[in-house]
Amino acid sequence: MPRDERPRLSRRAWITTTSGVIAAGLVKTQSDAIKLVAQEAPSDPTKVPGRLVSELGTRAPAEQPKRLVRAQALSSSSRTPLADLMGTITPADLHFERHHAGIPDIQFEDHELLIHGMVERPMVFRMPDLMRYPQVSRIRFLECSGNGGGVYNRERMPTEVTVQALDGLLSTSEWTGVAVSTLLREVGVRPGASWILAEGGDSAVMSRSVPLDKVMEDSILAYGQNGERIRPEQGYPLRLFNPGYEGNTSVKWLRRIEVTDQPTHTRDETSKYTDPLGDGTVRQFSLVMDAKSVITFPSYPYVLPDPGWWEIRGLAWSGRGRITRVEVSTDGGRSWVDAALQGPILDKSTVRFRHLFDWNGRDTVILSRATDETGYVQPTVEQLWEARGTRTSYHQNHQRAWRIARTGEVTFGLGELV
Amino acid sequence: MRALAAGLCATIALLGACTEGDRTAAGAAAAPGEVAMAGTPEGIPSHAPARFGFGSEASDARVAMWDIDVRPDGEGLPAGSGSVAQGRDVYNVHCVACHGPTGTEGPNDRLVDSEQWDDVPGTRTVGNYWPYATTLYDYIRKAMPQLTPGILSHDQVYAVIAYILWMNEIVPEDAVMDAETLPAVVMPARDKFVVDDRVGGAGIVR
């Protein structure tokens, strides 16, 4: 019998037919028997030797989460597959990307950080210098302030859209580096200073102004992410990390900090990352990411195969501190119940929430809303429209909704509520 | 005593922070599950020196090499100048492919729209959105042209800014931009910009 025409047998079937095979003279040696097992019953890993150790691990072949790439352009982004992930930590190779002029190739041994301006001692630091300073690690979220912009327009509210496409410009990592305050202590900040300018070493020389109070409070110069050196697309070998602030301010490939007494009004804090409010004004330096939550399961394109017990799961976070409460509605926002929060609940980090839901098989809409330690409650889209108008492009942290149809099909459902 | 200290240390280590040499109580207040580094809030132990001395002092020449940002008050602008006419030539060589013949066609960002707005901007261009003309210098010198950043001379940057401002009907055709005239340009949208006033708190949506 030619190999490819042999019937594929389960182990049970193989056992029951073995005597027949042997009787037919097809298996004459132990080697023949092992080959037959490997060919006919590969699904039983207890009957074949496993693979050996390796220097670098890989994901299971069937588990291949991918970032969603917006466009192959110098200024582009890719989004984290939130629905594929568990817990709160984002694997570093799935952390979202946003570059303004591509990813530069920078060598660890060549990189320098210049700190100057309103300081006593302008200084240059090389990476080994920076790594010798006292080290801190912080688990913090990073979110692009443009995240979620696709569900703000009343006329173009999508239905067949994944949580990755909607809100995948969000990731959480353990960031390791040196506190900015440690280095500013080293160079000596002069009286009267109130801002810094942070500048990257990419070909956009991307730069942002950040209040001095903020970077003294909890910003770090990060060289580590989730236990390894920061990856090139996250700013290798050094990035600024401003916890709770819009992602653009956490300047990657950081090469310069200038201490100043005023913001520099760079392109990315004037013509971009500003918010027209609909009343003739434009909000500038809207830096903090307000509290937000998203349900990651169930979400489009998942189909619930049958009614019964399902666990609604999602992420909540706030740039103003800790999440204190996440509520879930399974009736389109008419009633709300507290979801369970998975500890530890960290400052300016994502928290995983879960709610056990007995789906009765009827058409419904599920939502989540987060509250942070300041008492701020994640608003409805109507509240944001009322406060900011309908034409802003950033900071759209309103409640998200998913519709569950009788068929079990899940689609984005905010359009049904507004 | 040593055993007691080790036991204490082990207990604290369970909470997440206890390093050899820590002699002070935890600094910043911490919530359950997150323990502040001992010592000062920024994580420097109390026995640390005032300065570590790692890194090297930067000379004035070293600072000047990288200190290329430009502020609204004009600080950082280099010597040099450029006219609208000169800027037209620069634009048509280095900018037109991405921004179009009149700065409106793309494919990249639209640069020109002299139509102003009352409530909501229809476009966000140099002419009706950028609050400071100095930002043009800061950005173009650093990031443009996108495929050959840094290729333009100081005179060429001033010139192409003059041309872009002229296309937006902000400066006259005989305008010359330099370190004195550029910060003096008043952009139409400047007074529309307000600093973020959002705060956290119950019942507050801004």
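In short, a report on the structure.

**Details of the overall build of chain A**
Piece 1. Within chain A, the secondary structure is distributed over eight helices and 24 strands.
Piece 2. Restricting the contact set of chain A to residue pairs at least 6 apart, pairs at least 24 apart contribute 71%.
Piece 3. Entry remark: accessible area of chain A is about 17700 Å², with carbon and sulfur atoms responsible for 51%.

**A few points about the sheet that holds strand β17 (residues 308-317) of chain A**
Residue and element names in this part refer to chain A.
Piece 1. In spatial order, the strands read β16-β17-β21-β20; together these four strands make up an open sheet with antiparallel pairing. For this open sheet the edge positions go to β16 (292-297) and β20 (340-342), each flanked by a neighbour on one side alone. The sheet shows a mean angle of 30 degrees between the axes of neighbouring strands, direction not considered.

**Concerning the packing of aromatic side chains**
Piece 1. A complete count under the given rule lists 17 aromatic pairs over all chains for this structure.
Piece 2. For the ring pair Phe297 of chain A and Tyr302 of chain A, a centre distance of 4.8 Å and an interplane angle of 70 degrees mean the geometry is edge-to-face.
Piece 3. Judged by relative accessible area, which is 18%, Phe297 of chain A ranks as buried.
Piece 4. Judged by its relative accessible area of 34%, Tyr302 of chain A falls in the partly exposed class.
Piece 5. Chaining the aromatic ring pairs together yields one cluster made of Phe125 and Tyr133 of chain A together with Phe52 and Phe54 of chain B.
Piece 6. Sitting over the ring of Trp66 of chain B, Arg255 of chain A keeps its end group 4.5 Å from the ring centre.

**Overview of the pairing of strand β7 (residues 170-179) of chain A**
Residues and elements named next belong to chain A.
Piece 1. Of all the ten residues making up β7, nine are buried; the element is thus mostly covered by neighbouring parts of the structure.
Piece 2. Here eight bridges tie strand β6 (residues 136-143) to β7, and the two strands are oriented antiparallel to one another. Following the sheet pairing, Arg138 is matched in β7 by Trp175.
Piece 3. Bridge analysis of β7 against strand β10 (residues 220-225) gives five bridges, and the strand direction is antiparallel. Residue pairing in the sheet places Gly177 in a bridge with Ala222 of β10.

**Describing the interface of chain B and chain A**
Piece 1. Counting residues at the interface gives 64 residues for chain B, matched by 75 residues for chain A.
Piece 2. A buried area of about 5900 Å², summed over both sides, lies between chain B and chain A, and 54% of it is on carbon and sulfur atoms.
Piece 3. A per-residue breakdown of the area chain B buries against chain A is headed by Phe54, Trp66 and Arg198 of chain B, which together make up 14% of the total.
Piece 4. Where chain B packs against chain A, one counts ten salt bridges.
Piece 5. Measuring nitrogen to oxygen at the nearest pair gives 3.6 Å for the salt bridge that ties Asp196 of chain B to Arg283 of chain A.

What counts and what doesn't
Residues numbered from 1 in each chain as written. Chains lettered and ligands numbered in written order. Predicted model: local features only at pLDDT ≥ 70, side-chain atom pairs only at ≥ 80, totals over all residues. Heavy atoms only, no water. Helix = DSSP H or I, 4+ residues; strand = E, 2+ residues; numbered from the N terminus. Contact = heavy atoms within 4.5 Å. Areas by Shrake-Rupley, 256 points an atom, 1.4 Å probe, with all protein chains shown as cover. Pairing = 2+ DSSP bridges. Axes fitted to C-alpha atoms, helices over the stretch in contact; angles between N-to-C directions. Phe/Tyr/Trp six-rings, centres within 6.5 Å; stacked < 30°, edge-to-face > 60°. Buried < 20%, exposed > 50% of the residue type's maximum accessible area, 1.4 Å probe, protein only. Lys NZ or Arg CZ within 6 Å of the ring centre and 35° of its normal. Buried area = accessible area lost by both parts, 1.4 Å probe. Salt bridge = Lys/Arg side-chain N within 4 Å of Asp/Glu carboxyl O.

Nothing here speaks to function; it is geometry throughout.
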